[in-house]
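What follows is the residue order along each chain.
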Amino acid sequence: MKTTKMKVLCVALGCSLMCSSCIGSFGLWNNLREWNQGIGHKFVNEIVFLAFHIIPVYEVAYFADILILNSIEFWSGSNPLADVGSVKTVKGEDGEYLVRTNEDGYTITKIGEEDRPLNLVYNQDNRTWNAVTNNGQSFELITMNEDGTITFKQADGTPITVSPDLQGMAEARAANGQSLFFAAR
């Protein structure tokens, strides 16, 4: 009996790793949760949290995300409630960066080099992500293919098509002579 349960559990976990999907960003529910967390004292947050479960505000927001907003995001590629205009600070290996969300992508600026932003722009007609410099030069980075794969140009200019997951990243690195593994010191 015990081994049967273990086998079923192993098969279920194995299948869950192979069956990845796009579940969406749950923008409405996350915005509601963030609003509640930002209104003040932890006791006020708890009272609002309980009230929003008694009056099913959280449940309605979650249901709207599941049925409507995440479906729109899946089929159109954009979330109707995306945080356009929001700016987040990200720490990189060589400094801090400001990442601003735009309607069609992102603007990335290194702190201290504000005069040299990089815009990452998604072109819906061509299904491509492009890097656009301050002076208007545009460079195609990747193409989102209909079958869910992505195509990008290698260092020598030849295109390669891979899946957008760890296996695809490993294939891309192998094609460019790079290793997926890192040496530890």
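In short, a report on the structure.

1. Considerations on the packing of helix α2 (residues 27–37) against helix α3 (residues 42–54)
Direction vectors running N to C along α2 and α3 enclose 145°, while the axes themselves pass 9 Å from each other. The segment α2 lies against α3, with Leu-32, Trp-35, Asn-36 and Gln-37 engaging Asn-45, Val-48, Phe-49 and Phe-52. Of the residues that constitute the contact of α2 with α3, the class distribution is 5 nonpolar, 3 polar and no charged.

2. Some words on the sheet that holds strand β3 (residues 105–110)
Taken in spatial order, the 8 strands line up as β1-β2-β3-β4-β5-β6-β7-β8 in an open sheet, and their pairing is antiparallel. One side of each edge strand has no neighbouring strand; the edge strands of this open sheet are β1 (87–92) and β8 (159–162). For this sheet, the mean angle separating the axes of adjacent strands, direction not counted, is 25°. Where β1 meets strand β2 (residues 95–102), 6 bridges bridge the pair, whose relative direction is antiparallel. Bridge pairing in β2 links Gly-92 to Gly-95.

3. Quick notes on the packing of aromatic side chains
Across all of its chains, the model carries 2 aromatic pairs by this definition. Taken together, a centroid distance of 6.2 Å and an interplanar angle of 15° make the contact between Tyr-106 and Trp-129 stacked. Taken together, the positions of Tyr-106 in strand β3 and Trp-129 in strand β5 (residues 128–132) put the pair 23 residues apart, joining distant regions of the chain. Assessed through its relative accessible area of 24%, Trp-129 is described here as partly exposed. Every member of this aromatic cluster is reached through a ring pair, and the members are Tyr-106, Tyr-122 and Trp-129.

Conventions we followed
- Residues numbered from 1 in each chain as written.
- Predicted model: local features only at pLDDT ≥ 70, side-chain atom pairs only at ≥ 80, totals over all residues.
- Heavy atoms only, no water.
- Axes fitted to C-alpha atoms, helices over the stretch in contact; angles between N-to-C directions.
- Helix = DSSP H or I, 4+ residues; strand = E, 2+ residues; numbered from the N terminus.
- Contact = heavy atoms within 4.5 Å.
- Nonpolar A, V, L, I, M, F, W, Y, C, P; charged D, E, K, R; others polar.
- Pairing = 2+ DSSP bridges.
- Phe/Tyr/Trp six-rings, centres within 6.5 Å; stacked < 30°, edge-to-face > 60°.
- Buried < 20%, exposed > 50% of the residue type's maximum accessible area, 1.4 Å probe, protein only.

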